[in-house]
Amino acid sequence: MSNFSVVKGNIVNMKVDAIVNAANTSLMGGDGVDGAIHRAAGAELLSCCRRIGGCKTGDAVITPGFKLDAKYIIHTVGPVWNNGLTNEEELLRQCYKKSLDLAVEYNCRTVAFPSISTGAYRFPLAKAAEIAINTILEYLEQDTCIEDVYMVCFDYNTMAAYNKVMRALGREVEEDY
Ligand code: AR6
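Remember, predicted model here, so these are calculated numbers, not experimental data.

Description of the environment of Ser99
- Following the sequence through the fold, Ser99 ends up in helix α3 (residues 88-105).
- When its relative accessible area of 0% is taken as the criterion, Ser99 is described as buried.
- Ser99 sits 73 residues away from Ser26 along the chain, and the two C-alpha atoms are 17 Å apart.
- Apart from residues no more than four positions distant in its own chain, Ser99 is found in contact with Val20, Ala60, Ile74, Thr76 and Phe113.

Here it is in structure tokens:
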């Protein structure tokens, strides 16, 4: 049995086996959660990402966590919202699935996600929250090493959108926003 919860916070402070980064195809860092993770993990992360060489949209790669408490960082590249014209919904689903596949491959028991694509990439928040939660919950129906998955919301709007989906599914929310 595995648990899923929506929490408020900064993903770099999560004490989990793996945190997920909302990266870009270059893997060379950026703003938002990507910038925060690179700053907290230290310069070795950039060298490691440079060696990997890049990642396709909808795919994921894994690196050590370096200075983070997390043992691993799973870097996934969400789709840039394009009015739903370029398969963005399926690509977002793939981000969550591929990230969880890597977490299982590396024997992670605890994993934390940020809200992929809903910042700089402008994916509509309500739709992204529905895709994220449904994809994660569906994945967790399988019996894997994963015990706890956290969706870490950085701001009130994001937390409220994810809580709304949780309530619609009849699931309890941790913090009431
Ligand atoms: N912890 C958790 N969530 C965070 C944090 C944090 N420390 N910081 C921001 N967020 P974004 P995207 C939230 O823009 O839309 C980068 O430049 C943020 O509030 O980080 O996938 C990359 O290099 C929002 O809810 O990612 C790419 O070029 C969510 O994380 C591009 O942005 C995602 O916002 C990726 O854009």
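That was the structure; now back to the text.
Considering the site of the ligand
- The full set close to the ligand counts 21 residues, and Asn10, Asn24, Asp31, Asp34 and Ala120 are the nearest of them.
- Contact distances for the ligand include 2.8 Å between a nitrogen atom and a side-chain N or O atom of Asn10.
- Between the ligand and the protein, one listed contact pairs an oxygen atom with a side-chain N or O atom of Asp34 at 2.7 Å.
- Against a free-state accessible area of 700 Å², the protein chains account for coverage of 90% of the ligand.
- With respect to the detected pockets, the ligand is housed in the largest pocket.
- Residue assignment for the shell around the ligand shows that the elements contributing at least two residues are β2 (18-23) and α1 (32-41).
- No other element matches α1, which puts four residues into the shell around the ligand.

Remarks on unusual backbone geometry
- Notably, Asn83 is not glycine yet its phi reads approximately 55°, a positive angle.
- For Asn83, the position within the fold is in the loop between β4 (72-77) and α3.
- At Asn107, a position not held by glycine, the phi torsion is positive, near 60°.
- With respect to the helices and strands, Asn107 occurs in the loop between α3 and β5 (110-113).

Describing the pairing of β4
- Taken across its six residues, β4 has six buried, putting it largely inside the fold.
- Of the two faces of β4, the one holding Tyr72, Ile74 and Thr76 and the one holding Ile73, His75 and Val77 are both buried throughout.
- Where β2 lies against β4, six bridges are found, and the strand directions are parallel. Across the sheet, residue Ala23 finds its bridge partner in β4, namely Val77.
- Sheet topology note: the strand β3 (residues 60-64)/β4 ladder contains five bridges and is antiparallel. Bridging from a neighbouring strand, Val61 pairs with His75 of β4.

Things to note about the sheet that holds β5
- With respect to topology, six strands assemble into an open sheet ordered β1-β6-β5-β2-β4-β3, the strand pairing being mixed. Each of the sheet's edge strands pairs with one partner strand only, and the pair in question is β1 (3-8) and β3. Neighbour-to-neighbour, the strand axes of this sheet turn through a mean angle of 25°, independent of strand direction.
- Contacts from α3 reach β2, β3, β4, β5 and β6 (148-153) within the one sheet, and its direction differs from that of β4 by about 155°.

Rules and cut-offs
Residues numbered from 1 in each chain as written. Predicted model: local features only at pLDDT ≥ 70, side-chain atom pairs only at ≥ 80, totals over all residues. Heavy atoms only, no water. Helix = DSSP H or I, 4+ residues; strand = E, 2+ residues; numbered from the N terminus. Buried < 20%, exposed > 50% of the residue type's maximum accessible area, 1.4 Å probe, protein only. Contact = heavy atoms within 4.5 Å. Near = heavy atom within 4 Å. Polar contact = N/O pair within 3.5 Å; in protein donor to acceptor, adjacent residues only side chain to side chain. Areas by Shrake-Rupley, 256 points an atom, 1.4 Å probe, with all protein chains shown as cover. 1 Å grid on protein atoms, 1.4 Å probe; cavity = no way out; pocket = protein on both sides within 12 Å on 5 of 7 lines; lining within 4 Å. Sits in = over half its atoms within 2 Å of the grid points. Pairing = 2+ DSSP bridges. Axes fitted to C-alpha atoms, helices over the stretch in contact; angles between N-to-C directions.

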